[in-house]
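# Structure assessment
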Amino acid sequence: MKLHKAPLLKILLIKLGPGCSSDIDVGKWIAKAVDRRVVVLRFKLSWSTGPTRLPKSLYTCETLKELTLSHKVLLDFPSSSCLPSLMFLNLFYVVYRDDASLESFFFALSSSYLFECEAKQTKQR
């Protein structure tokens, strides 16, 4: 990803399993993808450490049309969340901070042209 200099990154697929090192900075990868105007992001994190917080810039990405987040991802939506191009949202067994955070995120999405949304949630304990 460091050597990738294209101004537009169409698709980024990341799947990290239990054998991956827990010191990988996946937040940095996603921040770089947002900087490169990512259009499709699919991220599955099923390693053995705790949930990973994603960078705040993800929740204001203007070019993101499809977002899939799965498993050990901690969703902590800022009040400034705005994904104007988002059309497809899939959240599978992610961990979210609290009900208010989740509700404010879906409220922010109400102004986008969301065609499909599937969510299977796990609340953080």
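These remarks concern the structure in this document. These numbers come from a predicted model, not from an experiment.

## Focus: the pairing of strand β1 (residues 11–16)
Here β1 shows a clear split, with Leu12, Ile14 and Leu16 buried on one side and none of Ile11, Leu13 and Lys15 buried on the other. Bridge count for β1 against strand β2 (residues 40–45) is six bridges, and the pairing is parallel. Directly across from Lys15, in β2, lies its bridge partner Lys44.

## What about the environment of Val95?
Examined against the element boundaries, Val95 turns out to sit in strand β6 (residues 88–96). Given a relative accessible area of 11%, Val95 falls into the buried group. When the C-alpha atoms of Val95 and Leu75 are compared, they prove to be 6.0 Å apart, with 20 residues separating the residues in sequence.

## Re the nonpolar core
The biggest cluster of nonpolar side chains holds 32 residues, and the ones touching the most others in it are Phe43, Leu58, Leu64, Leu69 and Leu75. Of all the elements in the fold, those that place two or more residues in this core are β1, α1 (26–35), β2, β4 (66–71), β5 (73–75), β6 and α2 (99–109). In this view, Leu64 contacts Val38, Val39, Val40, Leu41, Leu58, Leu83, Ser85 and Leu86; residues no more than four positions away in its chain are not counted.

## Quick notes on the pattern of salt bridges
Following the criterion strictly, the structure yields three salt bridges and no others. Ionic pairing is found between Glu66 and Arg42, a salt bridge with its closest N-O pair at 2.8 Å. Residue Glu66 is located in strand β4, and its partner Arg42 is located in strand β2; the two are separated by 24 residues in the primary sequence. In this structure, Arg53 and Asp76 form a salt bridge, with 2.3 Å as the shortest nitrogen-oxygen distance. With a gap of 23 residues between them, Arg53 in strand β3 (residues 52–53) and Asp76 in the loop between β5 and β6 connect regions that are remote in the sequence.

## Some thoughts on unusual backbone geometry
A positive phi angle, close to 60°, is found at Arg37, a residue other than glycine. Non-glycine residue His71 carries a positive phi angle of around 70°. Structurally, the position occupied by His71 is in strand β4.

## Focus: the side chain of Thr52
For Thr52, the position within the fold is in strand β3. When its relative accessible area of 14% is taken as the criterion, Thr52 is described as buried.

Conventions we followed
Residues numbered from 1 in each chain as written. Predicted model: local features only at pLDDT ≥ 70, side-chain atom pairs only at ≥ 80, totals over all residues. Heavy atoms only, no water. Buried < 20%, exposed > 50% of the residue type's maximum accessible area, 1.4 Å probe, protein only. Helix = DSSP H or I, 4+ residues; strand = E, 2+ residues; numbered from the N terminus. Pairing = 2+ DSSP bridges. Core = buried A, V, L, I, M, F, W, Y, C linked by side-chain atoms within 4.5 Å. Contact = heavy atoms within 4.5 Å. Salt bridge = Lys/Arg side-chain N within 4 Å of Asp/Glu carboxyl O.

Coordinates in, geometry out; function isn't part of it.
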